[in-house]
Amino acid sequence: MNILVVGSGAREHTLVWKLAQSPRADKIYCAPGNGGIASIAECVDIAAGDVEKLVEFAKARDIGLTVVGPEAPLCAGIVDEFEAHGLRAFGPRKAAAALEGDKAFSKDIMTRHSIPTAAHRVFHDPDAALAYVEEAVDYPMVVKASGLAAGKGVIICESSEDAVAAIRKLMLDKAFGAAGRTLVIEDFLEGEEASIIALTDGETLYVMESSQDHKRAFDGDKGPNTGGMGAYSPAPVVTADIQHRIEREVLVPVIHAMKREGRPFRGVLYAGLMLTKKGPKVLEFNVRFGDPECQVLLPRLKADLVDLFLACLDGTLADASVDWDPRPALGVVLAQEGYPGAVPVGRPLRGLDGITPEEALVFHGGTRRDGEQIVATGGRVLTITALGDTLREAREKAYDAIGRIDPEGFFYRRDIGARAL
Ligand code: AMP
Ligand code: GLY
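Residue numbers here run from 1 along each chain, matching the order of that chain's written sequence. Working convention: letters from A go to chains and numbers from 1 go to ligands, in the order in which they are written. At least 70 in pLDDT is required for a residue's local features to be given in this predicted model, at least 80 for side-chain atom pairs to be given and counted, and no such filter applies to totals for whole chains, interfaces and linings, which use all residues. The side-chain figures draw on all heavy atoms in the structure; neither hydrogens nor water molecules are used.

Peer 1: Teacher, can you tell me more about the environment of Gly-35 here?
Peer 2: Counting from the N terminus, the helices are the DSSP runs of H or I reaching at least four residues and the strands are the DSSP runs of E reaching at least two. Among the secondary structure elements, Gly-35 is positioned in the loop between β2 (28-32) and β3 (42-43). Accessibility expressed as a relative area gives 4% for Gly-35, which makes it buried. A C-alpha to C-alpha distance of 8.2 Å links Gly-35 and Gly-365, two positions 330 residues apart in sequence. The contact criterion used throughout is that any non-hydrogen atoms of two residues lie within 4.5 Å. Setting aside chain neighbours within four positions, we find Gly-35 in contact with His-364, Thr-367, Arg-368, Arg-369 and Ile-374. Relative accessibility thresholds used throughout: buried, under 20% of the residue-type maximum; exposed, over 50%; partly exposed, between the two (1.4 Å probe, protein chains only).

Peer 1: What exactly am I supposed to notice about a nonpolar patch on the surface here?
Peer 2: What goes into a patch is any residue over 30% in relative accessible area without a salt bridge, connected to like charges within 9 Å or, for nonpolar side chains (Val, Leu, Ile, Met, Phe, Trp, Tyr), within 5 Å. Under the convention used here, a 1.4 Å probe and the Shrake-Rupley method define accessible areas, while residue burial counts only the protein chains that appear. Salt bridge, as used here, is a side-chain nitrogen of Lys or Arg placed within 4 Å of a carboxyl oxygen of Asp or Glu. A cluster of nonpolar residues, Val-154, Ile-156 and Phe-188, forms a patch on the protein surface that exposes about 220 Å² of accessible area. Relative to the assigned elements, Ile-156 resides in strand β8 (residues 154-157). The partly exposed category is assigned to Ile-156, whose relative accessible area is 44%.

Peer 1: Can you help me understand the sheet that holds strand β17 (residues 279-286) in this one?
Peer 2: Sheet strands line up and pair through hydrogen bonds in the backbone, either parallel or antiparallel. In space, the 4 strands of this open sheet follow the order β11-β10-β16-β17, with antiparallel pairing throughout. Every other strand in the sheet has two partners, leaving β11 (205-207) and β17 as the edge strands with one partner each. Looking at each pair of strands side by side, their axes are set apart by 35° on average, direction ignored. Note that strand β10 (residues 192-200) and β11 share 3 bridges and pair antiparallel. Note on β11: the bridge partner recorded for Ala-198 is Val-207. The pairing criterion for strands is at least two bridges between them, as found by DSSP. For helices, the axis comes from a line fit to the C-alpha atoms of the stretch in contact; other axes are also lines fit to C-alpha atoms, and the angle between any two N-to-C directions lies between 0 and 180 degrees.

Peer 1: For this particular structure, what's the right way to read the pattern of salt bridges?
Peer 2: This structure, assessed with the given rule, holds 27 salt bridges. We note a salt bridge from Asp-50 to Lys-53, for which the minimum N-O separation is 3.6 Å. By relative accessible area, which is 47% here, Lys-53 ends up partly exposed. With a shortest N-O distance of 2.3 Å, Glu-261 and Arg-112 are connected by a salt bridge. With Glu-261 in the loop between α9 (240-260) and β16 (267-276) and Arg-112 in helix α6 (residues 103-112), this pair connects stretches of sequence that are 149 residues apart. Among the charged side chains, a salt-bridge network with shared partners connects Glu-192, Asp-221, Arg-413, Asp-415 and Arg-419.

Okay, structure coming up:
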């Protein structure tokens, strides 16, 4: 079967790498892909958001399965469009992807179905939002753009001045465009963060091994929020007991709620949670793999990923068998200096050749091949993942490997996994 992966990050490199191990995979394409993906699949110069061209391509190349990595095309309805042309695409349809793309909807469905989450209000009008934060709330509190803002639309406010500034930034200055037209304002939750990623065919839910990312740019959880600077799996904070609770109190009810409301969810469901004193509460849902969580999960997955994705499409996930490599995995993200702000394009990456697959897996994010060399094109450039008999060993191997890359112009966190150790 020919397969098309949509996206261009290290998550998509990991997906392509894993799908390529399946005996069912014939030719694999990736649109648009990157400098690392190009060495194991054919990259196609079509943007992840250009649905019309992707459909055309999938028809012309007899693509039997399309796998969509990022949230933006899912929320824009890429899966509906593929299905309308008789093509099979793995991921939620537009109405179900609203769990991530429309936080106001997501909070609303959680509230109506008693799924634990922070108390919240939704605002469409800036004056009403401003009036609310000036009197009615305790601080800290959280202001969120309802739409997609690449993980940057969440502002924790310590005072009403902060909250006023946040509302101005999102609603009036339109820092994230239409994403800030509606705001969710919610209570601040205290606790340890955890995430759980599950596969579902809309009926059956398969909860994957736990993982934990590191959202802040710098060591000690300092600096601005990013897409994620590193991850490890399993995450000891997610005990078997907590995992069962999350499945029972959050995942099963939300899948059921979506089905009842005529938005059956099929694909990857990612719950970001706060483990509070009163139990796990949902911070957000994502409708795709996390990046970099994917880079530490799939190297531990022993099942055939093509089989699993097709089982989700066929509604036969209940029959699938899934095994995991018991060894922990840890991934460190190499980013360009300046990330999560603007970064240059074209800086060469030196030292990659010294890393063998036995030592560590190198998943490319913002890179492209330029003649003989690989150059950086984006903020997050690589995820280097290692497996080890212990988390400590995985960590040593990942840092050994990343240490061989010429650091000029790049940075990475030195404390990935430190808290779990
Ligand atoms: P989100 O994109 O909604 O997961 O928010 C990004 C980050 O903001 C989360 O990973 C949390 O660290 C933080 N956050 C979001 N909502 C809350 C909340 N209600 N209370 C405390 N922290 C939050
Ligand atoms: N690493 C968090 C995310 O992908 O949203």
